[in-house]
Amino acid sequence: MIELDRATKVFPGTAAPAVDALTLDVPAGEIVVLVGPSGCGKTTTLKMINRIVEPTGGTIRVDGVDVRRQEPHVLRRNIGYVIQQVGLFPHRTIARNIATVPRLLGWDADRTTARVDELMVTMGLDPDMGARYPSELSGGQRQRVGVARALAADPPVLLMDEPFGAVDPIVRGRLQGELLDLQARLRKTIVFVTHDIDEALRLGDRIAILNVGGRLEQYATPEEILREPATPFVEEFLGGERGLRRLALRTVGDLGDLGIGNCVQADATVEEAKRRAAESGERWIGILDGDRLRGWAWVSDLDGSRHAGDVDTTLFRVALSVDATLREAIDGLVRSRVGVAVVLGEDQRYEGMVTLDRLAQAIVS
Amino acid sequence: MTGLLAQASGGIRWSWITANLDDIWEATVEHLWLTGIAMVVGFAIAMVLSVAAIRYRRLYGPITATAGVIFTIPSFALFFVLAPFTGLTVLTAEIGLVLYTLLVLVRNTVAGLDGVPEDVKEAARGMGYTRNRLFLEIELPLAIPVIIAGLRIATVTTVGLVTITALITFGGLGRFIIDGLQQNLFVPKLVVGALGPTLLALALDGLLLLLQRAITPWSRRAAAL
Ligand SMILES: Nc1ncnc2c1ncn2[C@@H]1O[C@H](COP(=O)(O)OP(=O)(O)OP(=O)(O)O)[C@@H](O)[C@H]1O
Ligand SMILES: [Mg+2]
């Protein structure tokens, strides 16, 4: 979908190329993340695609067509562009900002308005916000408007240069999640620039790790990169805890059916509960009401009752969603008093428990 | 001097003002016209020069340097340098007035356009704005607060200078000063000639501020935050 063929940029007055003969294919419908140290040429590479920076060598094709064969402004209206500083128009309301490209393309007013409303909902922006000016929004809200604006004319290609760079880690994490949700529906071809390797690993279908001068050190899926860093540079760039980071690529849902775990229904007899705990090798037992998890109790407290549900229970401290990563699951295990992490699905439905054994199996396989 | 003493002993004839309201009004309107013409022409020329200076950076230095030199010539001197060519006419006055506005207007317009954040321009280019639309729809509107700040300074200055051009044209409120001086310091005329332009300048300054608030709602709300 986007093909860089020995793309090169030498800025006037500089000796060394900022990007030197970079060859890279970005498949349609995927997120490719360009990551690398500051000054390695990520932004330059991105801007060559929409000709904000004119390449001095090589060719770049979008959808098979050489970008230099198109008028820059025509090319750009078909490519969504989000820059790090967001660059919202301060003199235009949020709604007008989002409507930028549709208006440039000459959409009629009704269609534009409908599209703006739709995008504000998609990006989780309060409809009242449409009439405000950018200075009246928080940083995170502005970033969302920036993404909405880039999506407005539904371009097949999206270029994003550190779009979540200016917000705090919590908002950043949320925006990353939203981007992934959005991408699951929209299937855009996205080139995403960041210098944060964790962001790259989370978002990228593929990651291009660049060295100074736009030298491509490795271009592969996150899993491959973590498993087999191609060069010492990549290894160093990934930093420590590569194993743990790989766990961050898989979710609890990937573990498959977790079974009922060390639990019994509330109407089970005390004997049954004790047997179950013994089988699990635990001194506690979880108690269920149908598909709800009530809590847990010490086996020793069961004596003298008839049913497992007759005793007081303690709530589980840690619950994970099915989307949680295995890395988060380990964190949950460590924090839990009873050494398991409870998994809850939609509407808090009990899905099972992640145990250390179970994780160990998954890691080894 | 004797006249002043006579007035002091006999009291100042303030009634002259109420008796001559028509004349004063006429002079005020004339003063406004002289100011307005200078501002409109000066603004138009300044815009052209500013755009040229922005597009061709090399021109900015020479343009502002020339305007700066003109600005430092005492107004009296400038008008009388022009007089041999254009006579003691309104045209002479206007040429001088226009030249005086240029420095402030060009400087502010260029500063305003330069002040448009780079990220905003890049985002606009990246979304497919052509150069002309970028200028008209993004750069110019965002430069308005600084441009109008320049207009306010230039307007206040021009209203004051129009008072001086009465020496050439005998028009505007300045003529009351000339009259007053010639009539043994006739105080009511001097007061009208001095206070009138001051009030006029304040009023125009206020109007321009209101205009700016009206057409740049975003900057006001931003400032209020
Ligand atoms: N307009 C320019 N003129 C000259 N050199 C430039 C220009 N823009 C970028 N460079 C140089 O090109 C190199 C790559 O810059 P680029 O902005 O692509 O880096 P980057 O990977 O995006 O870095 P960062 O993570 O800091 O944003 C740098 O050495 C930079 O100094
Ligand atoms: Mg960059």
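Peer 1: Talk me through the overall build of chain A; I want residue IDs and the actual numbers.
Peer 2: Tallying secondary structure elements over chain A gives 14 helices and 16 strands in all. For chain A, the residues scored as buried account for 50% of the 365 residues in total. Partitioning the intrachain contacts of chain A with sequence separation of at least 6 by distance along the chain shows that 60% fall at a separation of at least 24. Each charge class in chain A can be summarised by its mean position, and for the 45 positive and 53 negative side chains these summaries are 5 Å apart.

Peer 1: Requested: an account of the overall build of chain B, with residues and values cited.
Peer 2: For chain B, the helix and strand inventory stands at 11 helices and zero strands. Listed N to C, the secondary structure of chain B is α-α-α-α-α-α-α-α-α-α-α in terms of helices and strands. Projected onto its principal axes, the C-alpha positions of chain B cover 75 × 45 × 25 Å. Per-residue burial for chain B yields a buried fraction of 44% across its 225 residues. Considering only intrachain contacts with a sequence separation of at least 6, the fraction spanning at least 24 residues in chain B is 74%. Element-wise, carbon and sulfur atoms account for 71% of the exposed surface of chain B, whose accessible area totals about 11,300 Å². Once the 15 positive and 13 negative side-chain charges of chain B are each reduced to a mean point, those two points are 7 Å apart.

Peer 1: Lay out the packing of helix α9 (residues 174–182) of chain B against helix α10 (residues 187–215) of chain B with the relevant residues and their values.
Peer 2: Residue and element names in this part refer to chain B. Packing of α9 against α10 leaves a shortest axis separation of 7 Å and a crossing angle of 155°. When the axes of α9 and α10 are compared, the pair comes out roughly antiparallel. Considering only the axes of α9 and α10, their crossing is left-handed. Side by side, α9 and α10 meet where Phe176, Ile177, Asp179, Gly180 and Leu181 of the first sit next to Lys189, Leu190, Val192, Gly193 and Ala194 of the second. Counted by class, the contact of α9 with α10 contains six nonpolar, two polar and two charged residues.

Peer 1: Please set out the interface of chain B and chain A residue by residue, giving values where relevant.
Peer 2: On the side of chain A, 26 residues touch chain B, which itself brings 21 residues to the contact. Across the chain B to chain A interface the summed buried area is about 2,100 Å²; carbon plus sulfur atoms make up 63%. The interface formed by chain B and chain A contains two salt bridges. Ionic pairing is found between Glu137(B) and Arg92(A), a salt bridge with its closest N-O pair at 3.4 Å. Looking at the side of chain B that touches chain A, the elements that each hand over two or more residues are α7 (118–126), α8 (131–169) and α11 (217–224) of chain B. With seven residues, α7(B) is the largest single contributor of residues to the side of chain B that touches chain A.

Peer 1: Explain the side chain of Arg149(A) to me, and be specific about the residues and the numbers.
Peer 2: Following the sequence through the fold, Arg149(A) ends up in helix α6 (residues 139–151). Despite being buried, Arg149(A) has no salt bridge partner; Asp119(B) is the closest side chain of opposite charge, sitting 7.6 Å away. Contacts of Arg149(A), omitting those with residues within four sequence positions, involve Val86(A), Gly87(A), Leu88(A), Phe89(A), Asn97(A), Ile98(A), Thr100(A), Ala123(B) and Met127(B).

Peer 1: Tell me about the site of ligand 1, residues and numbers included.
Peer 2: Residue and element names in this part refer to chain A. Surrounding ligand 1, one finds Phe11, Ala18, Ser38, Gly39, Cys40, Gly41, Lys42, Thr43, Thr44, Glu162 and His195. Lys42 has a polar side-chain atom sitting 2.8 Å from an oxygen atom of ligand 1. Separating an oxygen atom of ligand 1 from a side-chain N or O atom of Thr44 is a distance of 2.5 Å. Coverage of ligand 1 by the protein amounts to 58% of the 630 Å² it exposes when considered alone. Here the shell around ligand 1 is built from residues that sort into three nonpolar, six polar and two charged.

Peer 1: Could you give me a rundown of the sheet that holds strand β9 (residues 206–211) of chain A, with the residues and numbers involved?
Peer 2: Residue and element names in this part refer to chain A. One open sheet holds the six strands; their spatial order is β6-β7-β8-β3-β9-β10, and the pairing between them is mixed. Each of the sheet's edge strands pairs with one partner strand only, and the pair in question is β6 (79–82) and β10 (215–220). Across the sheet, the axes of successive neighbouring strands diverge by a mean angle of 15°, strand direction being ignored. Here strand β3 (residues 31–35) runs beside strand β8 (residues 189–194); their pairing, made up of five bridges, is parallel. Each residue of the ladder has a partner; that of Ile31, found in β8, is Ile190.

Peer 1: Run through the domain arrangement of chain A, naming residues and quoting values.
Peer 2: Residue and element names in this part refer to chain A. Annotation of chain A at the domain level lists domain 1 (2–250) and domain 2 (253–364). Measuring from the centre of the C-alpha atoms in domain 1 to the corresponding centre in domain 2 gives 42 Å. Contact with domain 1, which involves six residues of that partner, is made by eight residues of domain 2. Summed over both sides, the interface of domain 1 with domain 2 buries roughly 720 Å², with 60% coming from carbon and sulfur. The tally of links from domain 1 across to domain 2 stands at zero salt bridges. Here the side of domain 1 that touches domain 2 is composed, by residue class, of three nonpolar, no polar and three charged.

Peer 1: Lay out the packing of aromatic side chains in plain terms, naming residues and giving numbers.
Peer 2: Evaluation of the coordinates by the stated rule reveals eight aromatic pairs over all chains. Between Trp296(A) and Trp298(A), the aromatic rings sit 5.0 Å apart at their centres with planes inclined by 85°, giving edge-to-face as the arrangement. Aromatic rings pair up to connect Trp16(B), Phe176(B) and Phe186(B) into one cluster. Just above the ring of Phe89(A) sits the side chain of Arg149(A); from NZ or CZ to the centre is 4.8 Å.

Peer 1: An account of the packing of helix α3 (residues 21–55) of chain B against α8(B) is requested, with residue identities and associated values reported.
Peer 2: Any two packed helices are characterised by the angle at which their axes cross and by the distance between the axes. Residue and element names in this part refer to chain B. Two numbers describe how α3 lies on α8: the axes approach to 9 Å, and their chain directions differ by 140°. Considering the angle they form, α3 stands oblique to α8. When you trace α3 past α8, the crossing you get is right-handed. Across the interface between the two elements, His31, Leu34, Thr35, Ala38, Met39, Phe43, Met47, Val51 and Arg55 from α3 touch Arg131, Asn132, Phe135, Leu140, Ile147, Leu151, Ala154, Thr155, Thr158, Val159, Val162 and Thr163 from α8. The class makeup of the residues in the contact of α3 with α8 is 13 nonpolar, six polar and two charged.

Peer 1: Would you mind going over the pattern of salt bridges in detail, with residue names and values included?
Peer 2: Tallying each qualifying case throughout the model produces 28 salt bridges over all chains. Here Arg144(A) and Glu178(A) are joined by a salt bridge, their closest N and O atoms 3.6 Å apart. A residue pair is termed long-range when its members are at least 10 positions apart, and Arg144(A) in helix α6 and Glu178(A) in helix α7 (residues 169–186) qualify at 34 residues. Look at Glu178(A) and you get partly exposed, because its relative accessible area is 25%. In this structure, Glu118(B) and Lys121(B) form a salt bridge, with 3.7 Å as the shortest nitrogen-oxygen distance.

Peer 1: Give a detailed account of the side chain of Gln212(B), specifying residues and quantitative values.
Peer 2: All names here are of chain B. Position of Gln212 among the secondary structure elements: in helix α10. Given a relative accessible area of 13%, Gln212 falls into the buried group. Ignoring anything within four residues of it in the chain, the contact list for Gln212 reads Pro145, Ile148 and Ser219.

Each value, and the rule that gives it
- Residues numbered from 1 in each chain as written.
- Chains lettered and ligands numbered in written order.
- Predicted model: local features only at pLDDT ≥ 70, side-chain atom pairs only at ≥ 80, totals over all residues.
- Heavy atoms only, no water.
- Helix = DSSP H or I, 4+ residues; strand = E, 2+ residues; numbered from the N terminus.
- Buried < 20%, exposed > 50% of the residue type's maximum accessible area, 1.4 Å probe, protein only.
- Contact = heavy atoms within 4.5 Å.
- Lys, Arg positive; Asp, Glu negative; His and termini not counted.
- Charge placed at Lys NZ, Arg CZ, Asp CG, Glu CD.
- Areas by Shrake-Rupley, 256 points an atom, 1.4 Å probe, with all protein chains shown as cover.
- Axes fitted to C-alpha atoms, helices over the stretch in contact; angles between N-to-C directions.
- Parallel < 35°, antiparallel > 145°, perpendicular 65-115°, else oblique.
- Left-handed = near helix turned anticlockwise from the far one by under 90°.
- Nonpolar A, V, L, I, M, F, W, Y, C, P; charged D, E, K, R; others polar.
- Buried area = accessible area lost by both parts, 1.4 Å probe.
- Salt bridge = Lys/Arg side-chain N within 4 Å of Asp/Glu carboxyl O.
- Near = heavy atom within 4 Å.
- Polar contact = N/O pair within 3.5 Å; in protein donor to acceptor, adjacent residues only side chain to side chain.
- Pairing = 2+ DSSP bridges.
- Domains from an automatic or database assignment.
- Phe/Tyr/Trp six-rings, centres within 6.5 Å; stacked < 30°, edge-to-face > 60°.
- Lys NZ or Arg CZ within 6 Å of the ring centre and 35° of its normal.

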